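Residues per chain, in single letters:
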2 protein chains.
Amino acid sequence: MAVYNFSAGPAMLPVEVMKQAQEEFCNYGNSGCGILELSHRGKLFEPVIRRAEANVKELLGLSDDYAVLFVQGGASMQFAMLAMNFLNGGTADYADTGVWSAKAAKEAARFGKVNLVCSSKESKYNHIPAFDTWKTTEGAAYLHITSNNTVAGTQYQAFPETKVPMIADMSSDIMSRVFDPNKFAMIYAGAQKNLGPSGVALVILRKDLAERATAAVPTMLNYNTYIADGSMFNTPPTFAIYILALVTDYFKKLGGIAAIEKINNAKAAKLYGFLDSSDFYKTPVVKEDRSRMNVVFRTPSEELDALFVKKAAEENLTSLKGHRLVGGCRASIYNAMPMAGVDALIDFMKDFERANG
Amino acid sequence: MAVYNFSAGPAMLPVEVMKQAQEEFCNYGNSGCGILELSHRGKLFEPVIRRAEANVKELLGLSDDYAVLFVQGGASMQFAMLAMNFLNGGTADYADTGVWSAKAAKEAARFGKVNLVCSSKESKYNHIPAFDTWKTTEGAAYLHITSNNTVAGTQYQAFPETKVPMIADMSSDIMSRVFDPNKFAMIYAGAQKNLGPSGVALVILRKDLAERATAAVPTMLNYNTYIADGSMFNTPPTFAIYILALVTDYFKKLGGIAAIEKINNAKAAKLYGFLDSSDFYKTPVVKEDRSRMNVVFRTPSEELDALFVKKAAEENLTSLKGHRLVGGCRASIYNAMPMAGVDALIDFMKDFERANG
């Protein structure tokens, strides 16, 4: 029986990718070795990292103005790294739309002045503040946003217009929907939600921004190191990059991001449609800002939330517990979650409501 | 036919480990998901990272004075991170015994004064300078050494006595031989040679040194973040840590580091014994400082070096090319390389000498 894993990350990967990786695990490209065991400078691995790069460029429609980089440390490392490179004692604008936004702003404050252009913290991050209320800084080093808020379950449906370079943490919705990358000077994303396993962050950087990086930052924290050496200044996380290459191969085969977005929209519409039809389940998120990746909801009580998570797991619907900071329930329905998983979840939710409503 | 992969890293892993990881790749612990896909906060992954930690403690005989941490970015990130935490404008002593030592010293110079206590650079790093010639600094923040020099093929056979905290980069010989960890305040090692795949560095840190860490460093670069959260402040590189747990399980099964050292000594003795008996192959390394992990050698000409590497690969003896900075040939014979691989290499070397001598 199929298991549907609703984890917020690391999250389920496409079945095809898992099967292929398993099949060639001990013998990659007929080398007699696993890709795990191969030198990153060898003939077999280098094409993998270059393919991963090219896939990202193609899928997102990036011009040659952008560099595609693979960096370790996850999005949390990016919080510090981007500020080390680009803040340099100046002022940066941050939109405070969730716990990860707040963490990003907190790290940046070590390297300059941070101005929160908006915050939905008072309302438990249940919405994205309207752009026309944002108090931006003239001449800010950059504006930082978080395109999807994994914990609160909100998502930008459009992006603001800015005069300063816009940097987005897209960890939890990258490649889930079509958007115009040219609005952004930098995009970063931990891979472990839509792109692959944990252990690698994708960084997309416009080269003119990279040129403004502070030279004094350590080698491994300077984006220009990654640009100069094709993310191979030192040994990269080879296996994570290999899986990212397979996942993006698969996205291309599906028909690219437009095709994936269509499926994601249908999955989210079905699940929210059910939530809206129910008096038992409630979602705290303002309707127009709902995330199509992380659907947060609650039953009538904390006890029933816990029972829901437990009973669902018994039915092979796993990792439905809300983030430890907020409680409740959360279904993460990233690219790899099939419609069948959403259907199975809704069926279970109906049964659970009948038994406990 | 077996392939013997002499890569300096990422390097071959124990066959048993590869087989187990392949077998449970898509279904870990009967969860219906791969370990790659599981939440790091879930019931299945947490025991893995705690087991990896416990294995390291047990195998190295670490007291509770030490914390075992898993950090991303490889040893190159540690070069900067340790200086950010512990140098703080003071003076650090560095033993310059190879290109990686030099890189470590260069990064540290961003954060304080670096004093090279010794250097074998003039003689192409072909030896470890005698300890009684080292010019150490009274009251240095720490002394940094590189226990095994992967590129030059040298290795400390004993460690110096110091009054200041000693920090060692053991990336290429950790767990390959018995040593007294209590001599060290910190040990770090990229996993991709003896311990697992790339994407995780093992950091062993004496807690009294950790207490001296500069508070101002970014969260993800502060060792105390990793100590406080058991290396789980953010999503760790779960798959790399899982493989490290399997590899260290395997080391325990073999009888621990003493048993492994015995095999490593026998492998190195056989290969160096053959090199010494040959007039065709030469090793530039001073005899008493030879590495038991990375055996560097040359044929009579660069052309023959290249032919050697090519012909060996045709016989399934792969990745024998020397580091791109120094050329020649190099056989890395880490823990996972069986004696049969060394035997096959020596047989090939004999044939190659007969054909080209």
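The structure displayed is predicted, hence computed values, not measured ones.

A.B. asks: Quick question: what am I supposed to make of the packing of helix α3 (residues 74–86) of chain A against helix α4 (residues 99–108) of chain A here?
C.D. replies: Packed helix pairs are specified by the crossing angle of their axes together with the interaxial distance, meaning the distance between the axes. Residues and elements named next belong to chain A. Viewed as axis vectors pointing N to C, α3 and α4 meet at an angle of 40°, and their least axial separation amounts to 8 Å. Where α3 crosses over α4, the handedness of that crossing is right-handed. Of the residues in α4, those touching α3 at Ser76, Phe79, Ala80 and Ala83 are Trp100, Lys103, Ala104, Glu107 and Ala108.

A.B. asks: Help me understand the relation of the copies chain B and chain A in this model?
C.D. replies: Two copies of the chain are present, and they differ by a rotation about an axis and a shift along that axis. Overlay of chain B on chain A (RMSD 0.0 Å): rotation 180°, translation along the axis 0.0 Å. Taken together, the rotation and translation describe the operation of a two-fold axis. Most of the interface of chain B is mirrored in chain A: 100% of its interface residues are interface residues there too.

A.B. asks: It is not clear to me how the interface of chain B and chain A should be interpreted in this structure. Could you clarify?
C.D. replies: Interfaces are often sized by the amount of accessible area the parts lose when they come together. Opposite the 57 residues of chain B that make contact, chain A presents 57 residues. For the pair chain B and chain A, the two sides together bury roughly 4400 Å², of which 60% comes from carbon and sulfur. At the boundary of chain B and chain A, one finds 0 salt bridges. On the surface where chain B and chain A come into contact, there are 23 residue pairs in polar contact (both at pLDDT 80 or more). Elements with a contribution of two residues or more to the side of chain B that touches chain A: α1 (15–23), α3 (74–86), α4 (99–108) and α7 (238–254) of chain B. A class-by-class count of the residues in the side of chain B that touches chain A yields 29 nonpolar, 20 polar and 8 charged.

A.B. asks: What is the right way to look at the layout of surface pockets in this model?
C.D. replies: Where empty space is left can be seen by rolling a probe of water-molecule size over the atoms. Considered as a void within the structure, the second largest pocket measures approximately 1300 Å³ in volume. In terms of lining residues, the second largest pocket is bounded by 48 residues, among which Ser7 and Ser319 of chain A together with Ser39, Arg41 and Gly42 of chain B are the most central. Secondary-structure elements contributing two or more residues to the lining of the second largest pocket are α3, α9 (302–314), β12 (317–318) and β13 (329–332) of chain A. Residues that form the lining of the second largest pocket fall into these classes: 16 nonpolar, 23 polar and 9 charged.

A.B. asks: Explain the sheet that holds strand β8 (residues 166–169) of chain A to me, please; I cannot follow it from the model alone.
C.D. replies: Sheet strands pair via backbone hydrogen bonds, and the direction of the pair is either parallel or antiparallel. Residue and element names in this part refer to chain A. Reading across from one edge, β2-β10-β9-β8-β5-β3-β4 is the order of the 7 strands in this open sheet, with mixed pairing throughout. One side of each edge strand has no neighbouring strand; the edge strands of this open sheet are β2 (66–71) and β4 (113–119). Strand after strand, the sheet turns through a mean of 20° between neighbouring axes, direction not considered. Pairing geometry for strand β5 (residues 143–146) and β8, over 4 bridges, is parallel.

A.B. asks: Even after reading the chapter, I still don't get empty space enclosed by the protein, so can you show me in this structure?
C.D. replies: Applying the stated rule across the entire model yields 8 cavities of 30 Å³ or more. Counted as a void, the largest cavity has a volume near 100 Å³. Elements that contribute at least two residues to the lining of the largest cavity include exactly α7 (238–254) of chain A together with α7 of chain B. In terms of residue class, the lining of the largest cavity is made up of 9 nonpolar, 4 polar and no charged. Put simply, the second largest cavity is a space of about 60 Å³. Residue lining of the second largest cavity: Phe70, Val71, Gln72, Met220, Tyr226, Ser231, Phe233, Asn234, Thr235, Pro236 and Pro237 of chain A together with Gly73 of chain B, and that is the complete set. Split by residue class, the lining of the second largest cavity holds 7 nonpolar, 5 polar and no charged.

A.B. asks: Sorry, what's going on with helix α8 (residues 256–277) of chain A here?
C.D. replies: Given 3.6 residues per helical turn, the α-helix brings residues three or four places apart onto the same face. Residues and elements named next belong to chain A. If you check α8, its first and last C-alpha atoms are 32 Å apart, about what 22 residues at 1.5 Å a residue would give, namely 32 Å. Turning to α8, its buried residues are Gly256, Ile257, Ile260, Glu261, Asn264, Lys267, Ala268, Leu271, Tyr272, Phe274 and Leu275. The buried residues of α8 occupy an angular sector of 165° when the element is viewed end-on, so they sit on one face. Exposed side chains of α8 directed beyond 90 degrees from the buried face belong to Lys262 and Ser277.

Calculation criteria
- Residues numbered from 1 in each chain as written.
- Chains lettered and ligands numbered in written order.
- Predicted model: local features only at pLDDT ≥ 70, side-chain atom pairs only at ≥ 80, totals over all residues.
- Heavy atoms only, no water.
- Axes fitted to C-alpha atoms, helices over the stretch in contact; angles between N-to-C directions.
- Helix = DSSP H or I, 4+ residues; strand = E, 2+ residues; numbered from the N terminus.
- Left-handed = near helix turned anticlockwise from the far one by under 90°.
- Contact = heavy atoms within 4.5 Å.
- Least-squares fit on C-alpha atoms with pLDDT ≥ 70 in both.
- Buried area = accessible area lost by both parts, 1.4 Å probe.
- Salt bridge = Lys/Arg side-chain N within 4 Å of Asp/Glu carboxyl O.
- Polar contact = N/O pair within 3.5 Å; in protein donor to acceptor, adjacent residues only side chain to side chain.
- Nonpolar A, V, L, I, M, F, W, Y, C, P; charged D, E, K, R; others polar.
- 1 Å grid on protein atoms, 1.4 Å probe; cavity = no way out; pocket = protein on both sides within 12 Å on 5 of 7 lines; lining within 4 Å.
- Points joined across faces, edges and corners; volume = space filled by probe spheres on them.
- Pairing = 2+ DSSP bridges.
- Expected span 1.5 Å × (residues − 1).
- Buried < 20%, exposed > 50% of the residue type's maximum accessible area, 1.4 Å probe, protein only.
- Arc of directions from axis to C-beta.

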